[in-house]
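# Report on the structure
Residue-level listing of the chains:
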Protein chains: 2
Amino acid sequence: MRIALDAMGGDHGVRPNVAGALQAIASVPDLTVVLVGDPALIEPTLSLSTYPAERIEIVASAGVIGMDEKPVEALRRKPDNSISRCWQLTATKKTDGLVSAGNTGAVVGAGLFARRFLKGVRRPGIATLMPTEKGSCVIMDVGANIFPKPSHLLQYGVMGSVLAKHRLGVEHPKIGLMNVGEEEGKGHELVQKTYALFRNGPFADRFVGNVEGRDVHKGVVDVIITDGFVGNVLLKHAEGVFEFIMGMIGTDVVGVLSAEKAIAAQAVQKMIDKFHYSTAGGAPLLGIDGVCIICHGSSDERAIANALAVAAQDVRTQLNDHIVEELAKLPVLSDED
Amino acid sequence: MRIALDAMGGDHGVRPNVAGALQAIASVPDLTVVLVGDPALIEPTLSLSTYPAERIEIVASAGVIGMDEKPVEALRRKPDNSISRCWQLTATKKTDGLVSAGNTGAVVGAGLFARRFLKGVRRPGIATLMPTEKGSCVIMDVGANIFPKPSHLLQYGVMGSVLAKHRLGVEHPKIGLMNVGEEEGKGHELVQKTYALFRNGPFADRFVGNVEGRDVHKGVVDVIITDGFVGNVLLKHAEGVFEFIMGMIGTDVVGVLSAEKAIAAQAVQKMIDKFHYSTAGGAPLLGIDGVCIICHGSSDERAIANALAVAAQDVRTQLNDHIVEELAKLPVLSDED
């Protein structure tokens, strides 16, 4: 299988991308990585290593979209940028998917422009995995669709539960709707309508109802559906609060120990590594024909390698076929929903 | 000064409320607490202690709004419930404010029904304090107004910065708008319009622009403005993620120690106490004529005592007068905003 990697994406230039690609082909037997970007930057980095030449390809692109550029404008101004080129390769089936640590808005935007949505999909969304007391939980959407319609959230529930099944191995995923209270009738129009669509739809048996912010890490559900605004705030808050607490653990707990300080520090480091975003392997943009994994801007080579491995896995498990199959069970939705 | 306490509010009945009232009058010299509820339940609990009789009063009310009842219906069905009675006492100036650990929706709803908004206020909102690397930060709104207008958020910025000044002692509070990215132009219509109102208004010098979920605990701003849906999810998420991480610290860090296990466990407990909601003293509903502090449903006597002390402080610092004064600096806003 072949995955396009945006070699120019992320805060650290080509180096972690190239290193991540080499690490990925070493651990994923059937993977070929297509490095997309400026050959003048990619080739020198690549030449420092030995690797099976047939499993690394380079496709030239011109122009890089900066991490802080406005996506729509930048995509228009630089039509041959590395992100758009990755999408072209995927849209024309030259690759099975793409991985990028570049400007998230541009990755999503270029994907939407390509308009190669999976059959039945209204709007793609970004899913992410959050750690819970029982393992992991899918949260969708975390930023692709900040003002969605109820039908979008309904589809996210379906796509998210396919991810929970094929990525996390949950046979019968339970879906919860993020809300400000558990009782039916809580929240604004979007969540009330979404609630009704779930309750009265073919996936009612998977739908447990509303969940709240405090439930995210309890593992009460396998999939949490929310609009991209709330999901994005939540995702970044989780990152921030984790950093904040671990910092205090370092000073207020590890700091007061003496003989066992090193053991405690090691245990804390292990926890930090376990929950670091680089372990998760990026966030899939679901609903697009082709696998797309979006990585954190500050991804290191481990993060890129994990994202490539996860992309390969989603191709292997035919995640998208399962999504199309499940979405087909939904009734035809009105445009207003 | 006199504060009405909803003696029936919360998950644990009158006991923590009565005990919290006694604790509060012992530590706040000029405070009288008016216990509102069923005298048949309050009096026996009260009779177990000795206290200065002139500083505890009982006002009878009939009917309690359950924690899971639908606020609007329940308020209508039980007009003489303890929450509404607390508001009546405050609206008629018999008390300077109220504290309740009861049904949050009912506390807000009864406050809105009373319609005694502070001069210039469009919609009251709930503020809360979140711990940061540099101290605390006000987040507003966290659940009173889940689909606000831009002008509401603008006013929350003003009210929140008055709270930051008079409660936290920040001379020149900085205000941030919760969004999905830092750059101007990010987010949906609500945040874009709110951004413009701040940028072009009299508080532009306090407004630092957009902040993201990961900034909450960094202390980059003193006030974060958001709609009540996002704020509520965030508040509950903070609670949940803290519990989740501290649980893991217990097993994965403290659990692997031997000689210094007790020291580490003690340090962890100290951190848990420091950030427990009972320390914070509840969340003020701002924009109402009178002080209103909303407590966590599972409040213990310490939480109630702290909330009463905080209510007394807000009366003493004339928080509401300062809010009215600051709001008067805003230009007249159109109804559409």
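Predicted model, so just to flag it, every value in this text is computed and none were measured.

What chain A contains, in helices and strands, is 12 helices and 11 strands. In terms of overall size, chain A behaves like a compact globule, its C-alpha atoms giving a radius of gyration of 20 Å where 337 residues would be expected to give roughly 20 Å. Seen along its three principal axes, the alpha-carbon backbone of chain A occupies a region of about 60 × 60 × 35 Å. A buried classification covers 54% of the 337 residues belonging to chain A. Sequence-distant contacts, at least 24 apart, represent 72% of the contacts inside chain A between residues at least 6 apart.

Attention shifts here to the interface of chain A and chain B. One frequent convention defines the size of an interface as the accessible area lost when the parts assemble. Taken together, the 47 residues of chain A in the interface contact 47 residues of chain B. Take the side of chain A that touches chain B: its biggest share by element is 19 residues, from helix α8 (residues 228–253) of chain A. Here the residues of the side of chain A that touches chain B sort into 26 nonpolar, nine polar and 12 charged.

What follows deals with helix α6 (residues 150–168) of chain B. Residues and elements named next belong to chain B. With 19 residues, α6 should cover 27 Å at 1.5 Å per step; its first-to-last C-alpha distance of 26 Å lies within 8% of that length. The element α6 is extensively covered by neighbouring structure, given that 15 of its 19 residues are classed as buried. Phi for Gly-169, located one or two positions after α6, is positive at around 75 degrees.

On to the relation of the copies chain A and chain B, then. When chain A is fitted to chain B, the best match, at an RMSD of 0.0 Å, comes from turning it 180 degrees and sliding it 0.0 Å along the axis. Taken together, the rotation and translation relating the two chain copies correspond to the operation of a two-fold axis. Scanning chain A for the C-alpha nearest the rotation axis identifies Val230(A), at a separation of 2.9 Å. Taken as a fraction of all interface residues of chain A, those also at the interface in chain B reach 100%, which identifies the copy contact as same-surface.

Another aspect to go through is the domain arrangement of chain A. All names here are of chain A. Per the domain assignment, the segments of chain A are domain 1 (2–121 + 287–318) and domain 2 (126–276). For domain 1 and domain 2, the distance between their C-alpha centres works out to 26 Å. With six residues of domain 1 in contact, the opposing surface of domain 2 contributes six residues. Residue composition of the side of domain 1 that touches domain 2, by class: three nonpolar, three polar and no charged.

To summarise the sheet geometry, strands pair through backbone hydrogen bonds and adopt either a parallel or an antiparallel arrangement. Residues and elements named next belong to chain A. Here 11 strands make up an open sheet; going across it, the order is β3-β2-β1-β4-β11-β10-β5-β6-β9-β7-β8 and the pairing mixed. With one partner strand each, in any of the chains shown, β3 (56–60) and β8 (207–211) form the two edges of the open sheet. Neighbour-to-neighbour, the strand axes of the sheet open up by a mean angle of 25 degrees, direction not taken into account. Two strands pair when backbone bridges link them, and strand β4 (residues 97–100) and strand β11 (residues 291–294) are joined in this way by four bridges, in the parallel orientation. If you follow Gly-97 over to β11, its bridge partner there is Val-291.

So, on to the packing of α8(A) against helix α8 (residues 228–253) of chain B. It is at 9 Å that the axes of α8(A) and α8(B) come closest, and there the two elements cross at 35 degrees. In the packing of α8(A) onto α8(B), the handedness of the crossing is right-handed. Residues Phe229(A), Val230(A), Val233(A), Leu234(A), His237(A), Ala238(A), Val241(A), Phe242(A), Ile245(A) and Ile249(A) of α8(A) form the contact with α8(B), whose own contacting residues are Phe229(B), Val230(B), Val233(B), Leu234(B), His237(B), Ala238(B), Val241(B), Phe242(B), Ile245(B) and Ile249(B). A breakdown of the residues in the contact of α8(A) with α8(B) according to their chemical character gives 18 nonpolar, two polar and no charged.

Another aspect to go through is the sheet that holds strand β4 (residues 97–100) of chain B. All names here are of chain B. Sheet architecture is open: 11 strands sit in the order β3-β2-β1-β4-β11-β10-β5-β6-β9-β7-β8, paired in mixed fashion. Of all strands in the sheet, those bounded by a partner on one side alone are β3 (56–60) and β8 (207–211). Each strand of the sheet is rotated relative to its neighbour by a mean of 25 degrees, with strand direction disregarded. Pairing geometry for strand β5 (residues 125–132) and strand β10 (residues 283–286), over two bridges, is antiparallel. Among the inter-strand pairings, Ile-126 is bridged to a residue of β10, identified as Leu-285.

This part takes up unusual backbone geometry. The phi torsion of most residues other than glycine is negative, and most of the peptide bonds are trans. Cis rather than trans, the peptide bond between Met140(A) and Asp141(A) has omega equal to 10 degrees. For Asp141(A), the position within the fold is in the loop between β6 (135–140) and α6 (150–168). With phi around 55 degrees, Gln318(A) is a residue other than glycine that occupies positive phi space. Structurally, Gln318(A) can be placed in the loop between α11 (301–316) and α12 (319–327). A count of 12 C-beta atoms within 10 Å places Gln318(A) in the exposed class. A positive phi is found at Lys93(B), a non-glycine position, where the angle reads about 65 degrees. Judged by C-beta crowding, with 10 C-beta atoms within 10 Å, Lys93(B) ranks as exposed.

A word on the pairing of strand β2 (residues 32–37) of chain A. Residues and elements named next belong to chain A. Taking burial as the measure, the six residues of β2 include five buried ones, the bulk of the element. Looking at chain direction, strand β1 (residues 2–6) and β2 are connected through five bridges and run parallel. Its bridge partner being in β2, Ala-4 is matched across the sheet by Val-34. Note that the unit made of β1, helix α1 (residues 14–27) and β2 has a crossover that is right-handed. When β2 meets β3, the two strands line up parallel, connected through five bridges. Across the sheet, Val-34 pairs through a bridge with Glu-57, a residue of β3. At this point the chain moves from β2, through helix α2 (residues 39–46), to the parallel β3, and the crossover so formed is right-handed.

Analysis parameters
Residues numbered from 1 in each chain as written. Chains lettered and ligands numbered in written order. Predicted model: local features only at pLDDT ≥ 70, side-chain atom pairs only at ≥ 80, totals over all residues. Helix = DSSP H or I, 4+ residues; strand = E, 2+ residues; numbered from the N terminus. Rg over C-alpha atoms; globule rule 2.2 N^0.38 Å. Buried ≥ 20, exposed ≤ 12 C-beta atoms within 10 Å, placed from the backbone. Contact = placed C-beta atoms within 7 Å. Nonpolar A, V, L, I, M, F, W, Y, C, P; charged D, E, K, R; others polar. Expected span 1.5 Å × (residues − 1). Least-squares fit on C-alpha atoms with pLDDT ≥ 70 in both. Domains from an automatic or database assignment. Pairing = 2+ DSSP bridges. Axes fitted to C-alpha atoms, helices over the stretch in contact; angles between N-to-C directions. Left-handed = near helix turned anticlockwise from the far one by under 90°. Right-handed = clockwise from strand over helix to strand, strands pointing away.

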